[in-house]
Amino acid sequence: MRAIPLSSPMPATVQNCTPTVAVDPTIPEPAYFFADGVRFACQRCGQCCTGGAGVVRVSPQELARIALFLTMPEGTLAARSCRLVDGELALKEKANGDCIFHDGGCSIYPVRPAQCRTFPFWLKNLRNEQAWQDTASGCPGIGQGEVHDLERVLDQIGQSPV
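Attention in this report is confined to the structure presented alongside it.

Reading the values: the criteria
- All chains use their own residue numbering, which begins from 1 and follows the written sequence.
- Whole-chain, interface and lining totals are the exception, using all residues; otherwise, since this is a predicted model, local features are given only for residues with pLDDT of at least 70 and side-chain atom pairs are given and counted only at 80 or more.
- Values reported for side chains reflect all heavy atoms of the structure, with hydrogen atoms and water molecules removed beforehand.
- Only DSSP runs of H or I reaching four residues or more are called helices, and only runs of E reaching two or more are called strands; each is numbered from the N terminus.
- Relative accessibility thresholds used throughout: buried, under 20% of the residue-type maximum; exposed, over 50%; partly exposed, between the two (1.4 Å probe, protein chains only).
- Residues count as neighbours in contact if any of their non-hydrogen atoms are within 4.5 Å of one another.
- Only the protein chains shown count as cover for residues, and all accessible areas are computed by the Shrake-Rupley method using a 1.4 Å probe.
- Strands are treated as partners if at least two bridges between them are detected by DSSP.
- Within this document, salt bridges are pairs made up of a side-chain nitrogen of Lys or Arg and a carboxyl oxygen of Asp or Glu, the two lying within 4 Å of each other.
- Axis lines are fitted to C-alpha atoms, over the contacting stretch for helices. Their N-to-C directions set the angle, which ranges from 0 to 180 degrees.
- The scheme is simple: roughly parallel for angles under 35 degrees, roughly antiparallel for over 145, roughly perpendicular for 65 to 115, oblique for anything else.
- Residues are grouped as follows: Ala, Val, Leu, Ile, Met, Phe, Trp, Tyr, Cys and Pro are nonpolar; Asp, Glu, Lys and Arg are charged; every other residue, Gly included, is polar.
- The directions from the helix axis to the C-beta atoms form the arc being described.
- For the purposes of these results, a polar contact is taken to be a pair of N or O atoms within 3.5 Å, where, inside protein, one atom must be able to donate a hydrogen and its partner to accept one; residues adjacent in sequence count only when each atom of the pair is a side-chain atom.

### So, the overall build of the chain
Within the chain, the secondary structure is distributed over 7 helices and 4 strands. Each helix and strand of the chain, ordered N terminal to C terminal, gives the series α-β-α-α-β-β-α-α-α-β-α. Buried positions account for 28% of the 162 residues belonging to the chain. Partitioning the contacts of the chain with sequence separation of at least 6, the portion at a separation of at least 24 is 68%. Per element, the accessible surface of the chain, about 10,800 Å² overall, is 55% carbon and sulfur.

And the structure:
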């Protein structure tokens, strides 16, 4: 069997191949600590929006929704409120590290970016129970409100750009 250099186009027989994965019935499904769900209700406290510096990435579609919500041209919004981080748009921060849209609360809450909408359901926060507890120590909404079942939590993880 000859190796195919990465720069070469894949042969048609490989391009049209659908890989199959054999499922071993002796290997159990992953056990998630949140299999029975977790409680969360955003308290709109702003702790995830304020304090230390961070990067909130914004897609072009999100930028368009925010601009429409603020009745501002996208270019003006981008110039005033965004910066480039690794070639991607991200929200600017105030000098104290707060999100540029946090002013006693989120001024764009109905159209906030996916990264904000999916918090605290980020993969890094749900890797294990200790990571979740660490996140809970700074988020008063964890443990409150309705139960988010396994399917909903996994959906939120899948929607999160982080």
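### Focus on unusual backbone geometry
Omega for the bond connecting phenylalanine 119 with proline 120 falls within 30 degrees of zero, at 10 degrees, which places this linkage in the cis form. Considering the arrangement of structural elements, one finds proline 120 in the loop between helix 4 (114–117) and helix 5 (123–126). A positive phi angle, near 55 degrees, is found at arginine 44, a position not held by glycine. Relative to the helices and strands, arginine 44 is located in the loop between strand 1 (38–40) and helix 2 (60–70).

### Considering the pairing of strand 2 (residues 82–85)
Across 4 bridges, the pairing between strand 2 and strand 3 (residues 88–91) is antiparallel. Directly across from leucine 84, in strand 3, lies its bridge partner leucine 89.

### Description of the pattern of salt bridges
For the structure on display, the rule yields 4 salt bridges. In this structure, the salt-bridge partner of aspartate 86 is arginine 57, at a minimum N-O distance of 4.0 Å. Taken together, the residues aspartate 86 in the loop between strand 2 and strand 3 and arginine 57 in the loop between strand 1 and helix 2 connect sequence positions 29 residues apart. Salt-bridge contacts for glutamate 146 lead to arginine 152; the nearest nitrogen and oxygen are separated by 2.8 Å.

### Structural notes on the packing of helix 2 against helix 3 (residues 74–81)
Closest axis-to-axis distance for the helix 2/helix 3 pair is 9 Å, and the angle between their directions is 100 degrees. With respect to helix 3, the axis of helix 2 lies roughly perpendicular. Each of Leu63, Ala64, Ile66, Ala67 and Leu70 in helix 2 lies in contact with helix 3, whose residues at this interface are Glu74, Leu77 and Ala78. Taken together, the residues of the contact of helix 2 with helix 3 sort by class into 7 nonpolar, no polar and 1 charged.

### Things to note about helix 6 (residues 129–136)
For helix 6, the complete set of buried residues consists of Ala131, Trp132 and Thr135. Along the long axis of helix 6, the arc covered by the buried residues comes to 100 degrees, so they all point the same way. Taken together, the buried residues of helix 6 touch strand 1, helix 5 and strand 4 (142–148). Its side-chain oxygen 3.1 Å from the backbone nitrogen of glutamine 130, asparagine 128 forms the N-cap of helix 6.

### Details of helix 7 (residues 150–159)
Residues of helix 7 that are buried include every one of Val153, Gln156 and Ile157, and no others. One face of helix 7 carries all of its buried residues, which in axial projection span an arc of 100 degrees. For helix 7, the exposed residues lying more than 90 degrees away from the buried face are Glu151 and Gly158. In this structure, the buried side of helix 7 is in contact with strand 1, helix 4, helix 5 and strand 4.

### Considerations on the environment of cysteine 106
Locating cysteine 106 in the fold gives a position in the loop between strand 3 and helix 4. On the basis of relative accessibility, which here comes to 22%, the residue cysteine 106 falls in the partly exposed class. Once the C-alpha coordinates of cysteine 106 and cysteine 45 are considered, the two residues, 61 residues apart in sequence, prove to be 9.4 Å apart. Apart from the residues within four sequence positions on either side, cysteine 106 is in contact with Arg44 and Phe101.

Everything listed is a geometric property; what it means functionally is a separate question.
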